[in-house]
Each structure stands twice: as structure tokens, then as C-alpha cells.
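Descriptive structure summary
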Amino acid sequence: PTSAQLSVVPHSGRFCYTLDNDLLTTEQRQFYEDNGYLLIKKLVSDEDIERFRNEFVRICKREVKPPGVMIMKDESLKSQFGQSEKVVNKVQDFQEDEELFRYCTLPEVLKYVECFTGPNIMAMHTMLINKLPDSDKQTFLHPMHQDLHYFPFRPASRIVCAWTAMERAHQDNGCLVVQPGTHKTTLKPHGYPDWEGKTNKLFHGLLDEDEKIPKVHLVMEKGDTVFFHPLLIHGSGINRTSGFRKSISCHFASSECHYIDVKNTTQEHLEKELEEMVRKKYDATSVELKDIWNFRARLVQGERINL
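Residues numbered from 1 in each chain as written. Predicted model: local features only at pLDDT ≥ 70, side-chain atom pairs only at ≥ 80, totals over all residues. Heavy atoms only, no water.

Comments concerning the overall build of the protein chain
Regarding its fold elements, the protein chain presents seven helices and 16 strands. A buried classification covers 56% of the 307 residues belonging to the protein chain. Put simply, 81% of the contacts in the protein chain that link residues at least 6 apart link residues at least 24 apart. Accessible area of the protein chain: about 13700 Å², with a carbon and sulfur share of 50%. (Helix = DSSP H or I, 4+ residues; strand = E, 2+ residues; numbered from the N terminus. Buried < 20%, exposed > 50% of the residue type's maximum accessible area, 1.4 Å probe, protein only. Contact = heavy atoms within 4.5 Å. Areas by Shrake-Rupley, 256 points an atom, 1.4 Å probe, with all protein chains shown as cover.)

Observations concerning unusual backbone geometry
Of note, the bond from Arg154 into Pro155 is cis; its omega dihedral lies within 30 degrees of zero at 5°. Looking at where Pro155 falls in the secondary structure, it is placed in the loop between β6 (153–154) and β7 (159–165). The phi dihedral of Arg62 falls on the positive side, at around 65°, and the residue is not glycine. In this structure Arg62 comes out as partly exposed when scored by relative accessible area, which is 41%.

Observations regarding the sheet that holds strand β8 (residues 176–178)
Taken in spatial order, the four strands line up as β5-β13-β8-β11 in an open sheet, and their pairing is antiparallel. At either margin of the open sheet sits one strand with a lone partner, and together these are β5 (142–145) and β11 (216–217). Relative to β11, β8 is paired through two bridges, and the arrangement is antiparallel. Bridging from a neighbouring strand, Val177 pairs with His217 of β11. (Pairing = 2+ DSSP bridges.)

Some words on helix α5 (residues 107–117)
Within α5, eight of the eleven residues are buried, which leaves it mostly tucked inside the rest of the structure. For α5, the set of buried residues is Val109, Leu110, Tyr112, Val113, Glu114, Cys115, Phe116 and Thr117. Backbone geometry just after α5 places Gly118 at a positive phi near 90°.

Details of the nonpolar core
Core analysis: the largest hydrophobic core is formed by 39 residues, its most contacted members being Tyr103, Cys104, Val109, Phe227 and Phe252. Take this core: its biggest share by element is six residues, from α5. With 22 residues, the next largest nonpolar core counts Met124, Leu274, Val287 and Ala297 among its residues. (Core = buried A, V, L, I, M, F, W, Y, C linked by side-chain atoms within 4.5 Å.)

Some thoughts on empty space enclosed by the protein
Under the defined criterion, the tally for this structure stands at three cavities of 30 Å³ or more. Estimated volume of the second largest cavity: approximately 40 Å³. With three residues, the top contributor of residues to the lining of the second largest cavity is helix α6 (residues 268–282). Considered class by class, the residues forming the lining of the second largest cavity number seven nonpolar, two polar and one charged. (1 Å grid on protein atoms, 1.4 Å probe; cavity = no way out; pocket = protein on both sides within 12 Å on 5 of 7 lines; lining within 4 Å. Points joined across faces, edges and corners; volume = space filled by probe spheres on them. Nonpolar A, V, L, I, M, F, W, Y, C, P; charged D, E, K, R; others polar.)

Here we look at the packing of aromatic side chains
Throughout the structure, instances matching the rule amount to nine aromatic pairs. Residues Tyr112 and Phe227 carry aromatic rings whose centres are separated by 5.6 Å and whose planes lie at 25° to one another, so their mutual orientation is stacked. Of this pair, Tyr112 sits in helix α5 while Phe227 is found in strand β12 (residues 225–228), placing the two residues 115 residues apart along the sequence. Accessibility classification places Tyr112 together with Phe227 in one group, the buried group. On the basis of an interplanar angle of 15° and a centroid distance of 5.2 Å, the ring pair of Phe151 and Phe153 is categorised as stacked. Look at Phe151 and you get buried, because its relative accessible area is 1%. Phe153 gets classed as buried once you look at its relative accessible area, which sits at 0%. Ring-pair connections join several aromatic residues into one group, and the members of that group are Tyr32, Tyr112, Phe116 and Phe227. Its end group placed over the ring of Trp293, Arg296 keeps NZ or CZ at 4.5 Å from the ring centre. (Phe/Tyr/Trp six-rings, centres within 6.5 Å; stacked < 30°, edge-to-face > 60°. Lys NZ or Arg CZ within 6 Å of the ring centre and 35° of its normal.)

Some thoughts on the environment of Ala253
The topology assignment puts Ala253 in strand β14 (residues 245–254). Overall, the relative accessible area of 0% leaves Ala253 in the buried class. Linking Ala253 and Glu114, residues 139 residues apart in sequence, is a C-alpha distance of 9.3 Å. Leaving out residues up to four positions away in the same chain, Ala253 has contacts with Thr117, Asn120, Ile121, Met122, Met124, Phe153, Arg158, Ile159 and Leu307.

Below you can see the structure in the form of C-alpha cells.
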């Protein structure tokens, strides 16, 4: 089905962030090594994207209620639009929704993921983002951040995000913005940005952003997919259009990755916040970060080893 049968040979000296494979060209591998991301055009079909879009609408209307899913809304719009996609900014942790989770199992996506993780692949974190029109309040601006801040597992080089545009993403509707090469840096301290009344729960950002590092706006067509490293500094801008900018994504990791203890690290405050949220949602007395990730994680290819 995919290239799972390929033996993963140790990567050659010049490549640190990709594994030897028969899919990526030397130029593509070098681009990812240098920049920390790789854009593949028209990878996901229009038909699949429409299926994901339809399922998202059903979740917004509460026609389906997948267990464990977290629905993030702009509560200020609820009285105006009720239960509809015009209120929902994000559907997170959709691993129990059979239709949306198909994204994480698409052979055309997994064959690229394997170039970064190797053959044993876990889907760790899932999101469908519906960036709402937001010209005034800037509510859904996502500050520049590194995704590894959210993950209590390592090594970082065996984790990759697949992010697919569900319609054209450009500067006006808040496309992804990346700082090429920043995947070679360390994990930096994150927290809530100092934006009065404009922060979203768990939308952490870099506490000390280096404005001198060049930014690239990733203009993407429907079905285009970008794969990026969890240390790559990225974010997204304001949606200044009247439409909704949808994307679907999954963070994948090699099942050979291992959990780490985030106590006394820059990730400790996030651990407490996430555990508190889960305790409230499920009325649980004690929750550990590892439990939350074990609940989210799903094997999509190969065998489950550590995660």
C-alpha cells in the first residue's frame, strides 16, 4: 500500500531531518533540511476535501458527536449564528471521528510522512481549523510558535506535521507564515502573548520573538499539503476576507519516540493547564499528561512500540 516495506536505512551523513527513501528527490530532502518544511502540490483530492468539509459541518450542527473531540468556538457569535460553522474556529482531537480521521490514513499522505518518521507511524494530534473572518478583533490570529512546545515526546526529528489547505490559503485569509531554518534551533519559552482580550485558550506564542528572522507566507491551493518540523517557528495571520479559511492537519510521530517528563522545563505550565482542562471536561480527579496523549494517539502504519 505505501512504502512501509522499504527498510529504513540510517540516514546518510548529510541529512539529519529526513530518512533515506525512494520518494523525495535530493533537492526536496535538501530543502527540508535547510528550511524545515516541504510543500507538496495537489496531494489530497477535491473529493476527500469535500468529505472532510461535510463532516465538519455535521459536527458544527451537532449531528454527530465524536467522543473526545474539542470544539473551539467564538462565543460572541453564538447568539447571531447558533450551532453552525460560522461560530466554530477549530475541531481538535477528531481521532474518534471515522470520517475526519481518514485524513490521517490517506496513503498519499502517509508515504510522505514515512520519509520523516520511518515505517511505524502514530497519528498524535489532529485538527481541522476553520479560520473565521476577523478583520476587527484579531481574535484568531495565531502567534508565532513551535509545535514541540505542546508535545511531551521526543526525538523532535521523528515528528512531522501534515497540514492540508481545504481551499486557497493566502495572505488575506490568514495563510501559514513560517520562519525558514528555525527548526535547527532549540525549543524556546512560550506563553500567552500580551494582546489585551485577544488570546485564545492554549494559543501560546513565543515570549521573545526575533523579528529579524525573515518570514515566508505559504500561499497554498486547495489540496496542497505542507510537511513541517515541530521546531519550525510558524503562525498564521488574520482572515481579512468574508469567507472561512479551512485546513486539516495531523501531527505524526514515529512509534519509536518516547515520552519525556516536562517537570522543570519550559513546557511545565502547559502541562498544568492541559491537565486542568481535561479534569474539568471529564470531571476526573487525577489526569496525567501521558494519559491525555495515550488517549489521542492512534497507530496508522506499522507497529506500536513506545507511544
